[in-house]
Amino acid sequence: MKGKITAVLFILVFLLVVAVVFTFLTSLDRRREAEAAQPAGNEVVVTENTPTPAPVTPQPQQAAALPGEAQGQSTPVTAAPATPVPTPRPAAAVMETPMPAADAMPAPGGVADMGKLLGSGSFSSHTGAHIDIRADWEARVSGDTDISVRVTVYLNSYSIYVNALPNCVNIGLNGQYVSLDSPAISYDSNTALLTTELGSQSFTVQLPAGGSRDLDLQAEWHWGGTYGGEYIPVIECGGTLTVSR
């Protein structure tokens, strides 16, 4: 009998302990749920809106009355004289002076028509052997009382082979003479005419402004060769030219 009572008491005590533990655990879970339901931060931020003061419009001050003036009468205000603003003056117009033409500009030395072309022309030979020389001339003003006449001698030919020849080109103008060397020529064509410069020379001749003069021009090429089966020792051309200033 005693053993049964002890067993019952043990069971009751065990159940009581189990109930206490269950109650404790249940209250702990409820506490955790309550803490989880609360907001993360408890701090309350209060933002203070400071009203912006309205702009204050300054009120015009009433000028104090001068001694002897009645109240309510306005004091005449004399405006200060305005500082005159200088009116900008228009820029002065720049007048461009036209440059005189090149022909009208005086050249160094005071000759107004220096270099002016006075005339040009040409003289040719007629050998009849399809080989001839031509003398081109050109006269220009070169000084107050002088002119310059340039003479250039050319050879017109078809097939020709010739070595350079010394002092074989003679040019004479109104008593002045010069001898020039001619170049070597090598050309092979019976259908196209070849023009070769043999030499050129300038001569100075007196001719004042307003004057006119006839000049004798002579040109020679002392070749001494055979062309088309014909021996030709010299080819020459020339004539009289007139220059007016």
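The structure we're discussing is the one just above.
Here's what I pulled together on the structure shown here. (Residues numbered from 1 in each chain as written. Predicted model: local features only at pLDDT ≥ 70, side-chain atom pairs only at ≥ 80, totals over all residues. Heavy atoms only, no water.)

1. Notes on the sheet that holds strand β1 (residues 117-124)
Strands pair in a sheet through their backbones, by hydrogen bonds, and they do so in one of two ways: parallel or antiparallel. The criterion, for reference: DSSP bridges decide pairing: two strands pair if at least two such bridges lie between them. Helical segments are the DSSP runs of H or I of at least four residues, strand segments are the runs of E of at least two, and each set is numbered from the N terminus. Interaxial angles span 0 to 180 degrees and are taken between N-to-C directions of axes, which are lines fitted to C-alpha atoms, for helices over the stretch in contact.
Reading across from one edge, β1-β2-β3-β8 is the order of the four strands in this open sheet, with antiparallel pairing throughout. Looking along the sheet, the strands with just one partner apiece sit at the ends: β1 and β8 (194-206). Averaged over neighbouring strand pairs, the angle between their axes works out to 15° when direction is ignored. With twelve bridges joining them, strand β3 (residues 146-157) and β8 adopt antiparallel strand pairing. Bridge pairing in β8 links Leu-155 to Thr-196.

2. Focus: the packing of aromatic side chains
The cut-off we apply is this: Note on ring pairs: Phe, Tyr and Trp rings are taken, using the six-membered ring of Trp, and paired if centres are within 6.5 Å. Classes follow the plane angle, with under 30 degrees stacked, over 60 edge-to-face and the rest tilted. Each residue is assigned to one of three classes by its accessible area relative to the maximum for its type, calculated with a 1.4 Å probe on protein chains only: buried under 20%, partly exposed between the two thresholds, exposed over 50%.
Applying the stated criterion across every chain, the model contains two aromatic pairs. On the basis of an interplanar angle of 5° and a centroid distance of 5.5 Å, the ring pair of Trp-221 and Trp-223 is categorised as stacked. The pair Trp-221 / Trp-223 is uniform in exposure class, with both members buried. Measuring from ring centre to ring centre gives 6.3 Å for Trp-223 and Tyr-227, while their planes differ by 65°; the resulting arrangement is edge-to-face. Owing to a relative accessible area of 12%, Trp-223 belongs among the buried residues under this scheme. Classification of Tyr-227 by relative accessible area gives buried; the value is 11%. Here the aromatic residues Trp-221, Trp-223 and Tyr-227 are joined through ring pairs into a cluster of three or more.

3. Details of the pairing of strand β5 (residues 165-173)
As paired elements, β5 and strand β6 (residues 176-182) share six bridges and run antiparallel to each other. When the bridges of β6 are listed, Ile-171 appears paired with Val-178. What sits between the antiparallel neighbours β5 and β6 is a turn of two residues, in which Asn-174 has the positive phi angle 55°.

4. Observations concerning the nonpolar core
So the rule is basically this: Joining through side-chain atoms within 4.5 Å is the link that ties buried Ala, Val, Leu, Ile, Met, Phe, Trp, Tyr and Cys residues into a set, and such a set is a nonpolar core. Every residue pair with non-hydrogen atoms within 4.5 Å of one another is taken to be in contact.
Grouped together as the largest cluster of nonpolar side chains are 40 residues, with contacts concentrated most on Ile-131, Ile-160 and Trp-221. When sequence neighbours within four positions are dropped, the list of residues in contact with Trp-221 reads Ile-131, Ile-133, Leu-155, Ile-160, Leu-165, Cys-168, Val-169, Ser-182, Leu-198, Pro-233, Val-234 and Ile-235.

5. Focus: the sheet that holds β6
Sheet architecture is open: four strands sit in the order β6-β5-β9-β12, paired in antiparallel fashion. On the outer flanks of this sheet lie β6 and β12 (235-244), each paired with one strand and no other. Neighbouring strand axes in the sheet, compared pairwise and without regard to direction, differ in orientation by 20° on average. Examined bridge by bridge, β5 and strand β9 (residues 212-221) share five bridges and lie antiparallel to one another. Pairing of Asn-170 across the sheet is with Glu-220, part of β9.

6. Brief notes about the side chain of Arg-245
What counts, and what does not: Polar contacts, as counted here, are pairs of nitrogen or oxygen atoms within 3.5 Å of one another; within protein the pair requires one atom able to donate a hydrogen and one able to accept it, and residues that are adjacent in sequence qualify only if both atoms are side-chain atoms.
Relative to the helices and strands, Arg-245 resides in the segment after β12. Arg-245 sits in the buried class, given a relative accessible area of 17%. In this structure the side chain of Arg-245 is engaged in a polar contact, spanning 3.2 Å, whose partner is the backbone oxygen of Asp-144. One polar contact links the side chain of Arg-245 to the main-chain carbonyl oxygen of Leu-207, over a distance of 2.8 Å.

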